[in-house]
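Notes for the structure review
The primary structure of each chain is shown beneath.
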Amino acid sequence: MRSILPILTVVAAIFVLWYAAAVGLNSAWAQDKAKRAGTSLTFSELVADTWSQDKPKLPAPHQVAQEIWKTTGAMVAKGRAFSKRSLIYHSWITFSSTALGFVLGTGLGVALAIGIVYNRTMDMSVMPWVIASQTIPILAIAPMIIVVLNAVGVSGLLPKAMISMYLSFFPVVVGMVKGLRSPAMMQLDQMHTWNASASQTFWKLRLPSSMPYLFTSLKIAMAASLVGAIVGELPTGAVAGLGARLLAGSYYGQTIQIWSALIMAATLAAVLVGLIGMIQRITLKRMGMAQ
Amino acid sequence: MSVIEARDLSLVFQTNDGPVQALSNVNLTIGKGEFVSFIGPSGCGKTTFLRVMAALETPTSGSITVNGMTADEARRKRAYGYVFQAAGLYPWRTIAGNIKLPLEIMGYSKADQEERVERVLKLVDLDGFGRKFPWQLSGGMQQRASIARALAFDADILLMDEPFGALDEIVRDHLNEQLLDLWARTEKTIGFVTHSIPEAVYLSTKIVVMSPRPGRITDVIESTLPRERPLDIRDTPEFLEIAHRVREGLRAGHADV
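Quick notes on the overall build of chain B
- Counting secondary structure elements, chain B contains eight helices and ten strands.
- Taken against the 2.2 N^0.38 rule, which gives 18 Å for 257 residues, the C-alpha radius of gyration of chain B at 18 Å falls within 12% of a compact globule.
- In chain B, buried positions account for 57% of the 257 residues.
- Pairs at least 24 apart in sequence give 70% of the contacts found in chain B among residues at least 6 apart.

Written out as structure tokens, the structure is:
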């Protein structure tokens, strides 16, 4: 509870800066309007105008909040939570490809890590490719994944999920290789003196040892997955999803819509990463490994 | 009856700085039920020899048999309980869970596992601690738990690599006494690596003095002390005489380097 005050202080500072920046960035347009109307603005009129424009360069926090409420809470109240104008609907679309991509990416990452740890050839050959895969800008490769998959008749959720997977398997591979190799030489020797099989060593020693590493990786993978899902919606002319919302907003100069989609994406990421943090705490506590 | 027989055993490690002769022409016979200590300065190969016995290292030349088999065959038959320098308990398992680990691996039945855990916890004076996690126990208790783990299955050879090295003198004395008691009750053959002369003399029926570069045996001392050993036996002239001979052996090993 003692951390509340510092957090609130930072939040307050951000709001002050945000409002100030809104005044600075939007005042040119306000002055322009006044000039054409042949009037001049007092300081308080100027501030009021910069905080209430329709298409401001930087919308003020309360404008974004109103827009978010209009597209979430108010829609729910009207019983239209899943209408196309609702951010809940768009978040759901993005979430479903994030989740699928995350599951696929985690699966692929763990599988590759096991291969790398247990197979010398894979150890030598796979890791450079894994790293190379991440040096390609995702924006460059995303449209191609969509086009290629479309050509073979796969469309809808899966292509977007593949892009999420592409981004999210990497931290899992790196974390799990480290985690599966974390048991001390002594512990492996001990397994050897008990004549434990390779699978016993894996299930009873390597896998439990890797848990703290896995969860750290999963948090990064989840955030990367969300980025992948949003990026996957951008170049494809998708009509639904937070990425589509961002794109539509930028076409029509709807900065308020862009910002509300951004805040929604950030909230979604925070919730998903927080969820993994919770599972981590519960798991490590049940394993007796929590501090 | 001999349990372990090493003949002309040598082991050379290939390192980046060239070959290192870790063991050179080691000949040693260990009889059933003996308590053998290996003592010597760092680099004398005492730990390496213990690891060769447990088939954790393969000798470059010479031979070693354990219960009439090769060391690796003996390992497959689960002939060893090995206690390392650090307790090495799994932090995600309780003390009972840690002791069960080798039993699970070796396929003992659930009921048998429970019964064995109870028994060995009593043996090392830890009954009632089964449900604690390792971090809730002191260093000495953790090391006792790791000894219990090595005793839980039916290995007739117990190999211990400086198990009490990291513990203070008082705890060490206590554990030494308990270990002798344990040995008397279980009749296991014990190989014990140590840095401490009093510890070696107090515990052993046979003391193997080793010296480094190359790692070799310089003296094997058969103890004349009785099997029944209270702690104050360490003040008797007989004890001091054996300790003196060990010290002489260690010094001789150093002199010709």
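So, the domain arrangement of chain A
Residues and elements named next belong to chain A.
- As assigned here, chain A comprises domain 1 (4-58) and domain 2 (87-286).
- Taking the mean C-alpha position of each, domain 1 and domain 2 sit 39 Å from one another.
- Listed as interface residues are seven residues of domain 1 and, on the opposing side, seven residues of domain 2.
- Buried area between domain 1 and domain 2, both sides added, is near 480 Å², and the carbon and sulfur share of it is 61%.
- Remark: the boundary between domain 1 and domain 2 carries zero salt bridges.
- Where domain 1 touches domain 2, the interface holds two residue pairs in polar contact (both at pLDDT 80 or more).

Structural notes on the pattern of salt bridges
Residues and elements named next belong to chain A.
- Across all of its chains, the model carries 23 salt bridges over all chains by this definition.
- One salt bridge in this structure joins D49 and K33, with 3.2 Å as the shortest N-O distance. In this pair, D49 sits in helix α2 (residues 43-50) while K33 sits in helix α1 (residues 4-37), placing the two residues 16 residues apart along the sequence.
- Residue class for K33 comes out partly exposed when judged on its relative accessible area of 32%.

Description of the pairing of strand β4 (residues 61-66) of chain B
All names here are of chain B.
- The sheet contact formed by strand β1 (residues 2-15) and β4 spans five bridges and is antiparallel. Residue pairing in the sheet places A6 in a bridge with I64 of β4.
- Alignment of β4 against strand β5 (residues 69-70), held across two bridges, turns out to be antiparallel. Paired with T65 across the two strands is T70, which belongs to β5.
- As consecutive antiparallel partners, β4 and β5 are separated by two residues, and within that stretch N67 has a phi angle of approximately 50°, a positive value.

Concerning the domain arrangement of chain B
Residue and element names in this part refer to chain B.
- Taken domain by domain, chain B comprises domain 1 (1-79 + 159-248) and domain 2 (87-154).
- On a C-alpha basis, the centroid separation for the pair domain 1 and domain 2 is 25 Å.
- With 13 residues of domain 1 at the interface, the matching set in domain 2 holds twelve residues.
- Taking both partners together, domain 1 and domain 2 bury about 1100 Å²; carbon and sulfur atoms supply 68% of that area.

Looking at the side chain of B:R149
- Note on placement: B:R149 falls in helix α5 (residues 139-151).
- Setting aside residues no more than four positions away along its own chain, B:R149 makes contact with A:Q190, A:W194, B:A87, B:G88, B:L89, B:N98, B:I99 and B:P102.

A word on a nonpolar patch on the surface
All names here are of chain A.
- A cluster of nonpolar side chains, L275, M278, I279 and I282, forms an exposed patch at the surface whose accessible area comes to about 360 Å².
- Mapped onto the fold, L275 is located in helix α12 (residues 255-286).
- Judged by its relative accessible area of 43%, L275 falls in the partly exposed class.

Some details on the interface of chain A and chain B
- In this complex, chain A contributes 18 residues to the contact, which on the side of chain B involves 26 residues.
- Both sides of the chain A and chain B interface together cover about 2100 Å² of buried area, and 58% of this is carbon and sulfur.
- Three residues, A:T193, A:W194 and A:K204, lead the burial of chain A against chain B; their summed loss comes to 33% of the area buried on that side.
- At the junction of chain A with chain B, the criterion picks out two salt bridges.
- Ionic pairing is found between B:E104 and A:K204, a salt bridge with its closest N-O pair at 2.8 Å.
- Remark: the boundary between chain A and chain B carries nine residue pairs in polar contact (both at pLDDT 80 or more).
- Among the elements of the structure, α9 (185-193) and α10 (198-233) of chain A are those that each provide at least two residues to the side of chain A that touches chain B.
- Looking at the side of chain A that touches chain B, the element that brings in the most residues is α9(A), giving seven residues.
- Partitioned by chemical class, the residues of the side of chain A that touches chain B number eight nonpolar, eight polar and two charged.

What about the nonpolar core?
- Core analysis: the biggest nonpolar cluster contains 98 residues, and B:V201, B:I207 and B:V246 have the highest contact counts within it.
- Among the elements that line this core, the one with the most residues is α10(A), at eleven residues.
- Formed by 34 residues, the second largest nonpolar core is a distinct cluster that contains B:I4, B:L28, B:F49 and B:I64.

Conventions and cut-offs
- Residues numbered from 1 in each chain as written.
- Chains lettered and ligands numbered in written order.
- Predicted model: local features only at pLDDT ≥ 70, side-chain atom pairs only at ≥ 80, totals over all residues.
- Heavy atoms only, no water.
- Helix = DSSP H or I, 4+ residues; strand = E, 2+ residues; numbered from the N terminus.
- Rg over C-alpha atoms; globule rule 2.2 N^0.38 Å.
- Buried < 20%, exposed > 50% of the residue type's maximum accessible area, 1.4 Å probe, protein only.
- Contact = heavy atoms within 4.5 Å.
- Domains from an automatic or database assignment.
- Buried area = accessible area lost by both parts, 1.4 Å probe.
- Salt bridge = Lys/Arg side-chain N within 4 Å of Asp/Glu carboxyl O.
- Polar contact = N/O pair within 3.5 Å; in protein donor to acceptor, adjacent residues only side chain to side chain.
- Pairing = 2+ DSSP bridges.
- Patch = residues over 30% accessible without salt bridge, like charges linked within 9 Å, V, L, I, M, F, W, Y side chains within 5 Å.
- Areas by Shrake-Rupley, 256 points an atom, 1.4 Å probe, with all protein chains shown as cover.
- Nonpolar A, V, L, I, M, F, W, Y, C, P; charged D, E, K, R; others polar.
- Core = buried A, V, L, I, M, F, W, Y, C linked by side-chain atoms within 4.5 Å.

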